[in-house]
Amino acid sequence: MEPAQRRTDIPVLILHNIDPVWDPNEKSTAYEAVEKLKTGLHEEGHPVVDVPVVDDSLEETLQAYHPDDYIVFNWCEGLPGLPRSEDRVARILEACSFAYTGSCPDVIAFSWDKAATKDLLKKNDIPTPAGMVVNGRNIGAWSRFPAIVKPAYEHCSFGITEDAVVTNASELKERVAFVRSTFRQPALVEDFIDGREFHVTLWGNGKIHALPPAEMDFSAFKDVRDRLCTFDSKFCPGSSHYENITVRIPAELDDRELALLNRTATAAYQAMGCRDYARIDLRLLNGVYYVLDVNPNADFSPDTSSILAAELVGLSYGAMASCLVNLAALRHPVYSTRA
């Protein structure tokens, strides 16, 4: 769906999380972000209904709405109280016959398995850091440093701190033990690619559009352990990583570098089967872009690099959301026939 071709009269349900365990500030921040999205879609012309997800009874919540009447903007990262239930939200939407933005349940579920994602990328000749799943018994098989140790089945940088970067076998053993005891899952050990990091937002189906890339600037840090996007860098204002990692949009790249970056990101998007939009995280070292992560249900908050990149190409927050609504509408039994 090209921006100039989109319809702006399609009614939208914004499905989003409001977890009862959040503190008042977290809830307030979430509602403020939703209000900005509602306002943006309203300004484009879309009728909008706000549907907060406050418990695990999503089917009951959706009974108030007929799937023929709406497109769901799926901004839901899971069901409260049910860890790693992001794909379950999409399965419920499909079971209830709603057309919704974003990737299908199988792609969302697959993206949580970091080792399987790496295997898929390698199968498609897409560069990704060398790595292996460590369960405690096979830890001696890894001997390359520096390395990074991650929980094998997490998103949003959970478990990623400066201690995740290890420089010898002793630190590796300690960090793997930490991941296994804290997260109750295996650890994924990878080569730590100490190079420039880029986040590329792609959108579209068939014809894929690449927004201007964002670069995470780690130049404030001299220690290799600090040159990465930690959990704190995303969610903890006042922390060293939150305050000192600079996001540069657009990233400073020449035409050849940019073309290769976009080709690599697009190849990962297509290999994973992403739909409507996704964010691909990559690092550049010795002329090679290594895919670190594929985010098929990336955060759509107004202050993310994805939205800032869209604004650079003339797409406001509401217009970018409208483009995604129109892509989902092509899968809708009513709106697809009215296009």
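What counts, and where the lines are drawn
Residues numbered from 1 in each chain as written. Predicted model: local features only at pLDDT ≥ 70, side-chain atom pairs only at ≥ 80, totals over all residues. Heavy atoms only, no water. Helix = DSSP H or I, 4+ residues; strand = E, 2+ residues; numbered from the N terminus. Rg over C-alpha atoms; globule rule 2.2 N^0.38 Å. Contact = heavy atoms within 4.5 Å. Areas by Shrake-Rupley, 256 points an atom, 1.4 Å probe, with all protein chains shown as cover. Pairing = 2+ DSSP bridges. Axes fitted to C-alpha atoms, helices over the stretch in contact; angles between N-to-C directions. Polar contact = N/O pair within 3.5 Å; in protein donor to acceptor, adjacent residues only side chain to side chain. Buried < 20%, exposed > 50% of the residue type's maximum accessible area, 1.4 Å probe, protein only. Parallel < 35°, antiparallel > 145°, perpendicular 65-115°, else oblique. Nonpolar A, V, L, I, M, F, W, Y, C, P; charged D, E, K, R; others polar. 1 Å grid on protein atoms, 1.4 Å probe; cavity = no way out; pocket = protein on both sides within 12 Å on 5 of 7 lines; lining within 4 Å. Points joined across faces, edges and corners; volume = space filled by probe spheres on them. Disulfide = S-S within 2.5 Å. Salt bridge = Lys/Arg side-chain N within 4 Å of Asp/Glu carboxyl O. Core = buried A, V, L, I, M, F, W, Y, C linked by side-chain atoms within 4.5 Å.

*Asks:* When you look at the overall build of the protein in this model, what are you seeing that I'm missing?
*Replies:* Within the protein, the regular secondary structure consists of 12 helices and 14 strands. Whereas a compact globule of 339 residues would reach a radius of gyration of roughly 20 Å, the protein reaches 20 Å, a difference of no more than 12%. Principal axes of the C-alpha set define a box for the protein whose edges measure 60 × 45 × 40 Å. Within the protein, residue pairs in contact and separated by at least 24 positions form 70% of the contacts whose partners lie at least 6 positions apart. Approximately 15,100 Å² of the protein is accessible, and the part contributed by carbon and sulfur atoms is 49%.

*Asks:* Sorry if this is basic, but what is going on with the sheet that holds strand β3 (residues 71–75) here?
*Replies:* The strands making up a sheet associate through hydrogen bonds between their backbones, and the pairing can be parallel or antiparallel. Overall, parallel pairing links the four strands, which are arranged β2-β1-β3-β4 in an open sheet. In this open sheet, the two edge strands, each paired with only one partner strand, are β2 (48–53) and β4 (99–100). Pairing analysis gives six bridges linking strand β1 (residues 12–17) to β2, with the strands arranged parallel. Across the sheet, the residue bridging to Ile-14 is Asp-50, located in β2. Contacting β1, β3 and β4, helix α11 (residues 317–329) runs over the sheet at an angle of about 120° to β3.

*Asks:* Explain the environment of Val-247 to me, please; I cannot follow it from the model alone.
*Replies:* Tracing the chain through its elements places Val-247 in strand β12 (residues 246–248). Ignoring anything within four residues of it in the chain, the contact list for Val-247 reads Ala-214, Glu-215 and Met-216.

*Asks:* Before we go on, may I ask you to explain the environment of Ser-219 in this structure?
*Replies:* Tracing the sequence through the fold places Ser-219 in the loop between β11 (214–217) and α7 (231–235). For the pair formed by Ser-219 and Arg-196, sequence separation is 23 residues and the distance between their alpha carbons is 9.8 Å. Among the polar contacts listed, one links the side chain of Ser-219 to the side chain of Asp-217, at a separation of 2.8 Å.

*Asks:* Mind showing me how you'd approach helix α10 (residues 305–312) here?
*Replies:* Every α-helix carries 3.6 residues per turn, so stepping three or four residues along brings you back to the same face. Residues of α10 that are buried include every one of Ser-305, Ser-306, Ile-307, Ala-309 and Ala-310, and no others. Elements that come into contact with the buried residues of α10 comprise β9 (196–203), β11, β13 (277–285) and α11. Positive phi shows up at Gly-314, right after α10, with a value of about 90°.

*Asks:* Mind showing me how you'd approach the packing of helix α1 (residues 24–44) against α11 here?
*Replies:* Where α1 contacts α11, the two axes come as close as 8 Å, and the packing angle between them is 75°. With respect to α11, the element α1 is oriented roughly perpendicular. Note on element contacts: α11 touches α1 through Tyr-317, Gly-318, Ala-319, Ala-321, Ser-322 and Val-325, opposite Ala-33, Lys-36, Leu-37, Gly-40, Leu-41 and Glu-44. Partitioned by chemical class, the residues of the contact of α1 with α11 number seven nonpolar, three polar and two charged.

*Asks:* Quick question: what am I supposed to make of empty space enclosed by the protein here?
*Replies:* A water-sized probe rolled over the atoms picks out the places where empty space is left. Taken as a whole and judged by the stated rule, the model has three cavities of 30 Å³ or more. Empty space within the largest cavity amounts to approximately 80 Å³. Around the largest cavity, the lining residues are Lys-114, Thr-117, Lys-118, Leu-121, Lys-150, Leu-188, Glu-190, Val-291, Leu-292, Asp-293 and Val-294. Taken together, the elements giving at least two residues each to the lining of the largest cavity come down to α5 (114–123), β8 (187–191) and β14 (288–295). Of the residues in the lining of the largest cavity, the class split is five nonpolar, one polar and five charged.

*Asks:* Is there a simple way to explain the state of the cysteines in this structure?
*Replies:* Where two cysteines share a covalent bond between their sulfur atoms, that bond is called a disulfide. Taken as a whole and assessed by the stated rule, the structure comprises zero disulfides. Sulfur of Cys-96: no disulfide; nearest cysteine sulfur belongs to Cys-76 and is 13 Å away. Among the residues examined, Cys-96 registers a relative accessible area of 22% and is labelled partly exposed. There is no disulfide at Cys-323, and the cysteine sulfur nearest it, in Cys-274, is 18 Å away.

*Asks:* Whenever I open this one, unusual backbone geometry confuses me. Can you help?
*Replies:* Of all residues except glycine, most have a negative phi; of all peptide bonds, most are trans. In this structure, Pro-146 follows Phe-145 across a cis peptide bond, with omega equal to 0°. Among the secondary structure elements, Pro-146 is positioned in the loop between β5 (131–134) and β6 (147–151). In this structure, Pro-250 follows Ile-249 across a cis peptide bond, with omega equal to 0°. Residue placement: Pro-250 occurs in the loop between β12 and α9 (255–272). Backbone geometry at Arg-184 places phi at a positive 55°, although glycine is not the residue there. Although it is not a glycine, Asn-286 adopts a positive phi angle of roughly 55°. Within the fold, Asn-286 resides in the loop between β13 and β14.

*Asks:* Honestly, the pattern of salt bridges in this entry has me stumped. Any pointers?
*Replies:* A side chain with one charge may pair with a side chain of the opposite charge, provided their charged atoms come close. Tallied over the full model, the rule gives 17 salt bridges. A salt bridge links Asp-191 to Arg-144, with the shortest nitrogen-to-oxygen separation between them at 3.1 Å. With a gap of 47 residues between them, Asp-191 in strand β8 and Arg-144 in the loop between β5 and β6 connect regions that are remote in the sequence. One continuous salt-bridge network, built from bridges that share partners, spans Asp-87, Arg-91 and Asp-106.

*Asks:* Would you explain the nonpolar core in this entry?
*Replies:* In this structure, Leu-37, Phe-73, Trp-75, Trp-203 and Phe-300 are the most contacted members of the largest nonpolar core, which totals 32 residues. Counting only elements with at least two residues in this core, the list comes to β1, α1, β3, α10 and α11. If you tally residues by element for this core, the top one is α11, at 10 residues. Among all residues touching Trp-75, those that are not within four sequence positions of it are Ile-14, Leu-15, His-16, Asn-17, Ala-33, Val-34, Leu-37, Asp-299, Phe-300, Ser-301 and Tyr-317.

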